[in-house]
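# Structural overview
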Amino acid sequence: DDYQFNNPSHVTTDQHDNILVSDAGNSCIKIYDKAGLFVRRIALGNSKHGQLRKPQGIAVDNRGHILVSDRDNHRITMLSYDGRFVCHLLNKNDGIRFPSDISLDAGACNLAIAETHTGFLTKDPHHAVKLYRLNT
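Our subject in this report is the structure included herewith. All values reported here derive from a predicted model rather than from experimental measurement. (Residues numbered from 1 in each chain as written. Predicted model: local features only at pLDDT ≥ 70, side-chain atom pairs only at ≥ 80, totals over all residues. Heavy atoms only, no water.)

### Some remarks on the pattern of salt bridges
- The tally for this structure, following the rule as stated, stands at eight salt bridges.
- One salt bridge in this structure joins Arg71 and Asp72, with 2.8 Å as the shortest N-O distance. The same class applies to Arg71 and to Asp72, which are both buried.
- Asp82 is the salt-bridge partner of Arg84, the closest N and O atoms lying 3.1 Å from each other. (Salt bridge = Lys/Arg side-chain N within 4 Å of Asp/Glu carboxyl O. Buried < 20%, exposed > 50% of the residue type's maximum accessible area, 1.4 Å probe, protein only.)

Pasting the structure below:
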């Protein structure tokens, strides 16, 4: 159902006042208009190139691209506003581990990433905040 969630984790708005919600349990992003009416779902659930697995933090840049912290794939993914894969901005090779939240400054030049993992399976807890400068 478009109004039910399985572990909604983060919310943001875009330049049109639409509301974007990351639904980690359903591996999708749901978009609603400012009145709360469902607009569309972006569902790319998996770990393949360009897909999402447990999306959490989300942000929208000044061109309407959606940036997603793809937690279990250890990457930050950029999608077009209609949900098509654009690129992986950062991944494990860039030192990304369990990105749980992101924030983009107003100029869309600086990206802050919060990483967190309790270590419940690996006994290796991890918590960090990392800052990156984007080439726009």
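### Here's the deal with the nonpolar core
- Leu67, Ile76, Leu90, Ile102, Leu104, Leu111 and Ile113 are the most contacted members of the largest nonpolar core, which has 13 residues in total.
- Elements with a minimum of two residues in this core: β7 (75-79), β9 (99-104) and β10 (110-117).
- Leave out the neighbours within four places in its chain, and Ile76 touches Val68, Ser69, Cys87, His88, Leu89, Leu90, Pro99, Ile102, Leu111 and Ile113.
- Core analysis: the next-biggest nonpolar cluster, separate from the first, contains ten residues, Leu20, Ile29, Leu52 and Ile66 among them. (Core = buried A, V, L, I, M, F, W, Y, C linked by side-chain atoms within 4.5 Å. Helix = DSSP H or I, 4+ residues; strand = E, 2+ residues; numbered from the N terminus. Contact = heavy atoms within 4.5 Å.)

### Some points on the pairing of strand β2 (residues 19-23)
- Along β2, four of the five residues are buried, which leaves the element largely enclosed by surrounding structure.
- Summarising the sheet, strand β1 (residues 8-13) and β2 pair through five bridges and their orientation is antiparallel. Looking at the pairing, His10 lines up with Ser22 of β2.
- Between β1 and β2, which follow one another and run antiparallel, lie five residues, and Asp17 among them has a positive phi close to 65°.
- Of the strand pairs in this sheet, β2 and strand β3 (residues 28-32) are connected by five bridges, and their pairing is antiparallel. Directly across from Leu20, in β3, lies its bridge partner Ile31.
- Between β2 and β3, which pair antiparallel in sequence order, lie four residues; one of them, Ser27, sits at a positive phi of approximately 50°. (Pairing = 2+ DSSP bridges.)

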